[in-house]
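Summary of structural features
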Amino acid sequence: MTNPTPTLKQSKNGLPRRLIAYTITLFLAITLNFFLPHAMPGDPLALIAGSAVQQMNEEQIAELRASYGLDEPLVVQYGRYLWRLARGDLGQSYRFSGGRSVAEVLGERFVWTFSLVAISLTLAALCGVFLGAWAAWRHGSLRDLSLLTALFALRSVPPFWLAMILIPLFAVRWQLLPVGDSYSFPRPDGWHRVTDVARHAVLPVTVLALAYLPTAFALMRSSMLGEIGADYIRAARAKGVGEQRVLYYHALRNAILPVITAFALDFGQLLGGVLLIETVFNYRGLGSMMFEAVKSRDYPLLQGGFLLFTVGVLSINLITDLVYPRLDPRARETGS
């Protein structure tokens, strides 16, 4: 009989190596995060000062450039960026005037983007899990094949193209849902504010949920098909356990584990996809903010936004690495 203690100890000893790997990945991401925006063409100073830069003399331009630290060599700017980052200072935004820090702008926009991603991914995962389990239980039937065909056809549709179809129908022709920003102006009060925010989120949430639904469905269906023929399923049926209980209580509990892993991995992918969707819907989130930051060459805001995405994805993956072995003891056997 295999002793589970060494494998569990091996899994625990692998934690420092995981942390080191994630730390190295974060450092490399921070480095790329700094140098890539500077590789974009164009001078940010012209966009900071606008047309006024044409009326400045060389001394005024040099003074303005020095105030933003743009007169120093790139390596020196990188060193100062790391020093500020170590103190939790993400710098000041070029585009947002009035002394607004990058952390303040990111904090305001992050709430909207995180809400979109969390709601969309949760809805898609729940629907995908139950539809995938239901289809696998009826494997080979007309309903299973029809659902499989429909969702794989949906998977081939680009999310931005789906958004471009929904906007003219629901927002323009039928005028059922608003589009543009995350709430109306002026903002309503009380319960009307909640419903107003919800109505603005319906279309982007729908597009994002439909974009991930085929993946969740395919993973759940494949995982469930692997569990249906397991010995514990046959034993449960032999004991006279009802089909619905066997499906949702026994098989679903084990088959859902790969979907949990995919949920964490796709969270990062969906964070990237939400940038485009928010731009299409002109939604007040990190996506539209990053789009404006690219146009205005706002280096600190771009660096802060990319850093936030990187930390979010790495954190979700690390949590999944730590939690998954507790959900599935079989994963401990391969832990390192």
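Residues numbered from 1 in each chain as written. Predicted model: local features only at pLDDT ≥ 70, side-chain atom pairs only at ≥ 80, totals over all residues. Heavy atoms only, no water.

Turning our attention to the overall build of the chain. Helix and strand counts for the chain come out as 13 helices and zero strands. For the chain, the N- to C-terminal ordering of α and β elements is α-α-α-α-α-α-α-α-α-α-α-α-α. Here the contacts in the chain between residues at least 6 apart in sequence split such that 74% fall between residues at least 24 apart. (Helix = DSSP H or I, 4+ residues; strand = E, 2+ residues; numbered from the N terminus. Contact = heavy atoms within 4.5 Å.)

Looking at the chain as a whole, its pLDDT mean stands at 81, while 85% of the residues score no less than 70. Within the chain, the lowest mean pLDDT, 65, falls on helix α2 (residues 44–49), and the highest, 93, falls on helix α6 (residues 142–155). Every residue in residues 1–11 is under pLDDT 50, and counting partners more than four places away or in other chains gives eight contacts. (pLDDT = per-residue confidence, 0-100.)

Taking 1.5 Å of rise per residue, the 14 residues of α6 would be expected to cover 20 Å, and the 20 Å separating its terminal C-alpha atoms lies within 8% of that figure. Inspection of α6 places D144, L147 and L151 among the buried residues, and these make up the whole buried set. Buried residues along α6 cover an arc of 70 degrees about the axis, so they all sit on one side. Those residues of α6 that are exposed and angled more than 90 degrees off the buried face are L142 and T149. (Expected span 1.5 Å × (residues − 1). Buried < 20%, exposed > 50% of the residue type's maximum accessible area, 1.4 Å probe, protein only. Arc of directions from axis to C-beta.)

The subject of this paragraph is the nonpolar core. Among the nonpolar cores identified, the biggest contains 30 residues, and L116, V207, F281, Y283, M289 and L301 are the most heavily contacted of them. Within the residue set of this core, elements represented by two or more residues are α5 (102–137), α7 (159–173), α8 (191–228), α11 (257–281), α12 (286–295) and α13 (299–327). If we ignore the near neighbours within four places in the chain, the residues touching Y283 are W112, L116, D181, S182, H200, A201, P204, E278 and S288. Counting 16 residues, the second-largest nonpolar core is a separate cluster that includes A133, W137, M220 and L252. (Core = buried A, V, L, I, M, F, W, Y, C linked by side-chain atoms within 4.5 Å.)

Here the structure, examined in full by the defined rule, presents five salt bridges. Between E72 and R80 there is a salt bridge, with its nearest N and O atoms 3.0 Å apart. Here R80 falls in the partly exposed class, since its relative accessible area comes to 46%. The closest approach of N and O atoms between D189 and R193, which form a salt bridge, is 3.9 Å. Owing to a relative accessible area of 59%, D189 belongs among the exposed residues under this scheme. A residue is classified by how much of its surface remains accessible, and R193, at 34% relative accessible area, is partly exposed. Through salt bridges with shared partners, one network takes in E108, D181 and R284. (Salt bridge = Lys/Arg side-chain N within 4 Å of Asp/Glu carboxyl O.)

On to the environment of Y283. Inspection of the secondary structure puts Y283 in the loop between α11 and α12. Of the residues examined, Y283 reaches a relative accessible area of 3% and is grouped as buried. Expressed as a C-alpha distance, the spacing of Y283 and V179, which sit 104 residues apart in the sequence, is 7.9 Å.

Taken together, the side chains of L15, L19, I319, L322 and V323 make up a nonpolar region of the molecular surface, amounting to roughly 370 Å² of accessible area. For the nonpolar patch, the secondary structure elements donating two or more residues are α1 (4–38) and α13. Per-element tally for the nonpolar patch: the top contributor is α13, with three residues. (Patch = residues over 30% accessible without salt bridge, like charges linked within 9 Å, V, L, I, M, F, W, Y side chains within 5 Å. Areas by Shrake-Rupley, 256 points an atom, 1.4 Å probe, with all protein chains shown as cover.)

As a further point, take the packing of α5 against helix α10 (residues 243–255). Contact geometry of α5 with α10 gives a least axis separation of 11 Å together with a crossing angle of 125 degrees. In this view, α5 runs oblique relative to α10, as classed from their interaxial angle. In this structure, the crossing between α5 and α10 has a hand that is right-handed. Between α5 and α10, the contacting residues are V129, F130, A133 and W137 on the first element and E243, V246, L247, Y248, A251 and L252 on the second. Its residues assigned to classes, the contact of α5 with α10 comprises nine nonpolar, no polar and one charged. (Axes fitted to C-alpha atoms, helices over the stretch in contact; angles between N-to-C directions. Parallel < 35°, antiparallel > 145°, perpendicular 65-115°, else oblique. Left-handed = near helix turned anticlockwise from the far one by under 90°. Nonpolar A, V, L, I, M, F, W, Y, C, P; charged D, E, K, R; others polar.)

P186 follows F185 through a cis peptide bond whose omega is -5 degrees. Residue position: P186 is located in the loop between α7 and α8. Look at Q175: it is not a glycine, yet its phi comes out positive at around 55 degrees. Here Q175 shows up in the loop between α7 and α8. Not every positive phi belongs to a glycine, and N282 is a case in point at roughly 55 degrees. Counting through the fold element by element, N282 comes out in the loop between α11 and α12.

Here we come to the packing of aromatic side chains. One pass over the full model with this rule turns up nine aromatic pairs. On the numbers, 5.1 Å between centres and 40 degrees between planes, the contact of F35 with Y78 is tilted. With F35 in helix α1 and Y78 in helix α4 (residues 74–86), this pair connects stretches of sequence that are 43 residues apart. For the pair Y183 and F185, a centre-to-centre distance of 5.1 Å together with 55 degrees between the ring planes defines the contact as tilted. (Phe/Tyr/Trp six-rings, centres within 6.5 Å; stacked < 30°, edge-to-face > 60°.)

In this fold, R221 is placed in helix α8. Apart from residues lying up to four places away in sequence, R221 is in contact with G132, A135, A136, H139, D144 and L148.

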